[in-house]
Amino acid sequence: MNQKEFMQLVNPFKDKLFRIAKRLLVSTEEAEDATQEVLVKLWNKNDSLAQYNSVEALAMTMTKNYCLDQLKSKRASNMKIVHNNFTDREAGLQQQVEDKDTWNWVERIINDLPEQQKLIVQMRDIEEMEFEEISKILDMNESAIRTALSRARKTIRETMTKTHHYGIG
């Protein structure tokens, strides 16, 4: 496969890899590095990519593993979640401020979730991936994923409810 064919293969899911990386890593630069690293590794597997049922699932798994390795390293000890695609551009200024504030609270709550729940929330609720796809990437059965997602959502909901009823959490 030549470079053009390779890019046609990975372009449809390249942004998704970046968003997963950004969910787990400190900054845009770290996420870009992670995405680039995974694409280079995929390119190096170029001759054997045909044997995989889903190159996208392979790439997502590679991204997850790379990012988790980065999280384990010393330089990754202060990583945080950043996600800026929440605010509706058509909403009024007041609504945008409220949306941003709400999203900032949700971000903090998600950031405090265990790594596995954090990944599952990102993949299911933000990337809108199917349970079967998440199952393959995380090497978990679907019922365990549903349970972890339910617990994560419950934590988010309960924390947000406390925040709104009692002020800051």
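Higher on the page you've got the structure.
Worth saying up front: this structure is predicted, and the values here are computed from it rather than measured.

> What should I look at first to understand the packing of aromatic side chains in this one?
Here the distance between the centres and the angle between the planes together describe a pair of aromatic rings. Taken as a whole and judged by the stated rule, the model has one aromatic pair. With a centroid separation of 5.1 Å and 75° between ring planes, the pair formed by Phe-6 and Trp-43 is classed as edge-to-face. With Phe-6 in helix 1 (residues 3-24) and Trp-43 in helix 2 (residues 28-44), this pair connects stretches of sequence that are 37 residues apart. Under the relative-accessibility criterion, Phe-6 is labelled buried at 4%. We classify Trp-43 as partly exposed; its relative accessible area is 35%. Across from the ring centre of Trp-105, 4.7 Å away, lies the NZ or CZ of Arg-108, which sits over that ring.

> Where do I start with the pattern of salt bridges in this structure?
Side chains bearing opposite charge may pair, as long as their charged atoms lie close to each other. The tally for this structure, following the rule as stated, stands at eight salt bridges. Ionic pairing is found between Glu-127 and Arg-19, a salt bridge with its closest N-O pair at 2.8 Å. Linking Glu-127 in the loop between helix 5 (115-126) and helix 6 (131-138) with Arg-19 in helix 1, this pair joins segments that are 108 residues apart in sequence. Put simply, Arg-146 and Glu-142 hold a salt bridge, and the shortest N to O gap is 3.8 Å. Separated by four residues within a single helix, Arg-146 and Glu-142 lie in helix 7 (residues 142-166), roughly one turn from each other.

Calculation criteria
Residues numbered from 1 in each chain as written. Predicted model: local features only at pLDDT ≥ 70, side-chain atom pairs only at ≥ 80, totals over all residues. Heavy atoms only, no water. Phe/Tyr/Trp six-rings, centres within 6.5 Å; stacked < 30°, edge-to-face > 60°. Helix = DSSP H or I, 4+ residues; strand = E, 2+ residues; numbered from the N terminus. Buried < 20%, exposed > 50% of the residue type's maximum accessible area, 1.4 Å probe, protein only. Lys NZ or Arg CZ within 6 Å of the ring centre and 35° of its normal. Salt bridge = Lys/Arg side-chain N within 4 Å of Asp/Glu carboxyl O.

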